Amino acid sequence: MTDTDRFEDDPANDHGRLEDDAAPDPDGTDAAPITGAGVVETFPGRGRTVGDVVEIPGRSARTVAAGDVLAPELADSIDHDLYTHQAEALAALDREENVCVATSTASGKTLVYGLQIARNYLEATENRRTDAAGGERATVHGFDGAADDRRDATAYVCYPTKALSRDQERELNDLFADLGLDLTVAVYDGDTETGTTRREIREEADVIISNFAGVNTYLHDHDRWTRFFRACELVVIDESHTYTGVHGMHVAWIIRRLKRVLEYYDADPQFVLTSATIGNPPAHSAALIDEPITVVDEDGSPRGPRDLLLWNPPPRDDGEGPGGPAPTSAGPHDSDDGGGPLERVPASVEAPRLFSHLAYHGAQTLLFAPSRKLAELSVKRARAHREDQRAYYGSDGRGDELRSYHAGHSRQSRHATEHGLKTGRLDGVASTNALELGINVGAMDATVQLGYPGQRQSFWQQIGRAGRGADRALSVLVADHRTLDQYVVRHPEYLLETDVEDAVVDTANDAVFAAHLRCAADELALTEADADSLVDRDRLERAVEMWRRAGLLSGRLETGVSYAGPPRPQSSISLYATAGREYEVRLADDVDDRDDPEMESLARERVFRDFHEGAVRLHEGRQYEVADVVHDGPRPHVVVRPTDVDYYTVTNREVTILDAESQRSRRVGDFELHFGRGTVLVYHGTYDEVSIEAGRKRRRGVPTNLPPLTMETQLCWLEVPEDVERALIEKYRDFDVPDVEGTVVNSAHLGYAGGLHAAEHATIGVAPLELMVDKRDLGGLATLTIDSHLAVPDATAVEGREPRSIAAAEATVRERAAALDREPTSGWFIYDGVEGGLGFSRAIYENFEAVAARARDLIADCECGRVDGCPACVMDDQCGNDNRPLHRDAAVDVLEQFLGERDRGDLDAHLDDEYGGDRRPTLFYA
């Protein structure tokens, strides 16, 4: 497969039909409203450095005749050939295999499971006729099959969003109508009318569309679903790549519970998963469904040529407004009088300008924004740009039908926007990723991305929304001044690599497993059989015993273990949290109930990080301020009130790690790499207020008065060899950081410690380049004394004490370091930022070399020219130590020694003298 075979920008519609002009011109000569070069030439305020225009060639379709794959009654109803990946997937399903179709946006994945549903329907109808002729009847767990005159073939289809569910309901109904089949498709979720409507769907629908939050709830009443479950022959998991991290864990256990109930009704369905291109579709898919699976990832769909414009905004002029003029001549690394880099125009300001510009030039455009607030602001800023540049754009209203779109809008408003895009009435829409996941809005001319979305699969899926037949499409990435964004615009080849990020699902989190085990016992009594199918025997027995002692389960596996706790344990499952106490979100007493945000319960770690008193959060397009947090009592809760302010809040954190235990380790050269578990103490002691318009901090260090957050979680860590450490301490012993507090100011170790700190920031920052992880769910700690953070047998002086402040935590680490009878090792930790872990640090441990190489490139290639780096390389706005100390060169040295790219002899010149004098200080930096 070539590099470009991975690109996800195909123009075919989702049923796999080809328009008359949809045979792409591989030479890319087709007309387009505006090209990448055209944008550079025509954008007001030329002279800026914008980066590269990458040309991606078109590709012709590869097809198979429908009659070669399908029975005549279906093949004769299809007026087009199938793409090769559709044919391959259908052939695997015909062999009774589970299938994951991991191909590009708009490559016709819906048609795969739509046709399989149709095949199952026709086969079941024929079997029903045969059984009726033979007078057979079947009884399944008390349900008399002969009393039902319907076909015995149903399908459960799960989508990640309600909007996508309703869009695909229309798509499937249209498909079955085209095939001449009388199949009933219905959506069954939280918006479905209760009572008669729900009962009719359960008793009559052939295809039920839902989401996993719904499935989790409905399994409690599985006896109401008897007719549907006993006939279930297909389970579809659409957009399966979205199920990663905590959400992926929950979905994996919900699927296992669903399979268990289906088995009770003697159903053994096949699974079809559809996914964007990810790095590990076999492992990820198998982890979700706990079964072998066949992956189809050779994409046979066509695509037109594409210009990919990587746009790096210039340094900003403090006098310019959000829509206003850009500098006309400024390079990306101009310095102010202090020698530091000028702050760039934020992507949140620059992307709307380009959005407006493309629409003006006749390109129907989708702008993808990372939040609902920015989607709304982007439309306002696009219009302001038109006003500020009226001399260029004029006042004739050309291309100014712009609108925002996100889940906070009403269903009627969203449908109107979708219709406006399909009909061409709208010139552009600024959206969250709600339009990333395949909602049918037709083909756009162009996309603009407000910042890099975090993973290549999401990047290509978003830009895949643009492409009209064989015409040249345009996609613009407007980089923000962040680690990932700057890496991508400096390394455009990264986007062309065939290795896409791995999606991470780890079912080892005991807290998540235990919560779902209670639900499983409520649905059907747990028995010996579950030790073979649900989970391994030892883990099952330990969890059953834990819940039995807590009074929530009763009985024995030999005879059946039943749930004995409060009704409906399914309602306690939060698909985005692991365990521990959850906090209700309540509206302040003096606020109108119509302003209730109706938010789901929050995990404790998220309350500490994002919902402390004084925090300002965005929900459903509205701002809410946290007025109070009640941690104690039987029902912890957060009290919010609506607000309208021009800032948001960012919580600062300080961290230490205690009692880390290695469960796996491996050597990389002379470096030692570990994975294990430990206790992370996180202190969210203060927060900052950040201006929405300018992105600058307007108020710093506001106290939160929160206690420490203690997490038992997964982590990995790297130990640096003694000779590398000694040489780098000596090499950078003259490094100084002005105004650093404490006794470390004159330490010879400060430069080396700054290198470890910078390397820790960079490895976390680039982890999403290799893995589908969320940087916000990772944390790190660079330390000169790793051993004092480990579970050392002789470090007993502080047992039983939880340090209540970061100062107390530092004292604990010093005590443990003093108790050591050897010089401790230095290095850095990376940990999962939720209770029990997510599997992210395990994935980083397994891919540490690739992550380290990305980090080294990021730091070494940054042209900021600063020893302590910049936000584009090693600075992190979540750093608990205010990004001090940081040393780019020392970080590069450590990483290159780890990667074996620097000769160890280069260090000899720095090993002549004793380093540091006395025992090293117990420095650690989050």
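Structure first, text after, so check above.
So, a few notes on the structure that sits alongside this text. (Residues numbered from 1 in each chain as written. Predicted model: local features only at pLDDT ≥ 70, side-chain atom pairs only at ≥ 80, totals over all residues. Heavy atoms only, no water.)

### Remarks on the overall build of the protein chain
Looking only at helices and strands, the protein chain features 26 helices and 36 strands. In the protein chain, which comprises 926 residues, the share counted as buried stands at 58%. Long-range contacts, defined here as pairs at least 24 residues apart, represent 77% of the contacts in the protein chain between residues at least 6 apart. Working note: accessible area of the protein chain is about 35,600 Å², and carbon and sulfur atoms make up 43% of it. (Helix = DSSP H or I, 4+ residues; strand = E, 2+ residues; numbered from the N terminus. Buried < 20%, exposed > 50% of the residue type's maximum accessible area, 1.4 Å probe, protein only. Contact = heavy atoms within 4.5 Å. Areas by Shrake-Rupley, 256 points an atom, 1.4 Å probe, with all protein chains shown as cover.)

### A closer look at the sheet that holds strand β23 (residues 602-603)
The five strands lie next to each other as β23-β22-β26-β25-β24, forming an open sheet whose pairing is mixed. Single-partner strands in this sheet number two, and they are β23 and β24 (616-619). (Pairing = 2+ DSSP bridges.)

### A closer look at the pairing of strand β22 (residues 582-587)
Each regular strand carries side chains that alternate between the two faces of the sheet. Burial along β22 is one-sided: Y583, V585 and L587 are buried, while E582, E584 and R586, pointing the other way, are not. Of the strand pairs in this sheet, β22 and β23 are connected by two bridges, and their pairing is antiparallel. Across the sheet, the residue bridging to E582 is A603, located in β23. Across four bridges, β22 lies against strand β26 (residues 637-643) in parallel orientation. Counterpart to E584 in the pairing with β26 is H637.

### Looking at the pattern of salt bridges
On inspection of all chains with the given rule, the structure shows 40 salt bridges. Across the pair D538 and R542 runs a salt bridge whose closest N-O atoms are separated by 3.0 Å. Taken together, the residues D538 and R542, both in helix α19 (residues 537-549) and four residues apart, mark about one turn of the helix. Exposure remark for D538: the relative accessible area of 45% places this residue in the partly exposed category. (Salt bridge = Lys/Arg side-chain N within 4 Å of Asp/Glu carboxyl O.)

### Observations concerning the sheet that holds strand β13 (residues 306-311)
A sheet is described by the order of its strands in space; here seven strands give the open sequence β1-β13-β18-β17-β14-β16-β15, paired in mixed fashion. The open sheet has two free edges, formed respectively by β1 (53-56) and β15 (402-405), since each of these has just one partner strand. Taking each pair of neighbouring strands and ignoring which way they run, the sheet shows an average axis angle of 15 degrees. Taken together, the five bridges between strand β17 (residues 446-450) and strand β18 (residues 473-478) define a ladder with parallel strand orientation. Each residue of the ladder has a partner; that of V448, found in β18, is V476. (Axes fitted to C-alpha atoms, helices over the stretch in contact; angles between N-to-C directions.)

### Thoughts on the pairing of β17
Along β17, five of the five residues are buried, which leaves the element largely enclosed by surrounding structure. Burial of β17 is two-sided: the residues A446, V448 and L450 facing one way and the residues T447 and Q449 facing the other way are all buried. Sheet topology note: the strand β14 (residues 365-368)/β17 ladder contains four bridges and is parallel. Paired with L367 across the strands is V448, a residue of β17.

### Some thoughts on the packing of helix α9 (residues 245-264) against helix α17 (residues 510-523)
One way to put it is that α9 packs onto α17 with a least axis distance of 10 Å and a crossing angle of 20 degrees. Our classification of the angle between α9 and α17 gives roughly parallel. By crossing handedness, the relation of α9 to α17 is classed as right-handed. Facing α9, whose interface residues are M249, H250, W253, I254, R257, R260 and V261, α17 presents V512, F513, H516, C519, A520 and E523. (Parallel < 35°, antiparallel > 145°, perpendicular 65-115°, else oblique. Left-handed = near helix turned anticlockwise from the far one by under 90°.)

### Details of the packing of aromatic side chains
Across all of its chains, the model carries 24 aromatic pairs by this definition. On the numbers, 5.5 Å between centres and 85 degrees between planes, the contact of F671 with F898 is edge-to-face. Note that F671 is positioned in strand β29 (residues 671-683) and F898 in helix α26 (residues 888-899), a separation of 227 residues in sequence. Here F671 matches F898 in class, with each residue buried. Ring geometry for F675 against Y845: centres 6.1 Å apart, planes inclined by 45 degrees, an arrangement best described as tilted. Of this pair, F675 sits in strand β29 while Y845 is found in helix α24 (residues 840-846), placing the two residues 170 residues apart along the sequence. Among the residues examined, Y845 registers a relative accessible area of 3% and is labelled buried. For R256, the ring lying beneath its charged end belongs to W253, and the centroid distance is 5.4 Å. (Phe/Tyr/Trp six-rings, centres within 6.5 Å; stacked < 30°, edge-to-face > 60°. Lys NZ or Arg CZ within 6 Å of the ring centre and 35° of its normal.)

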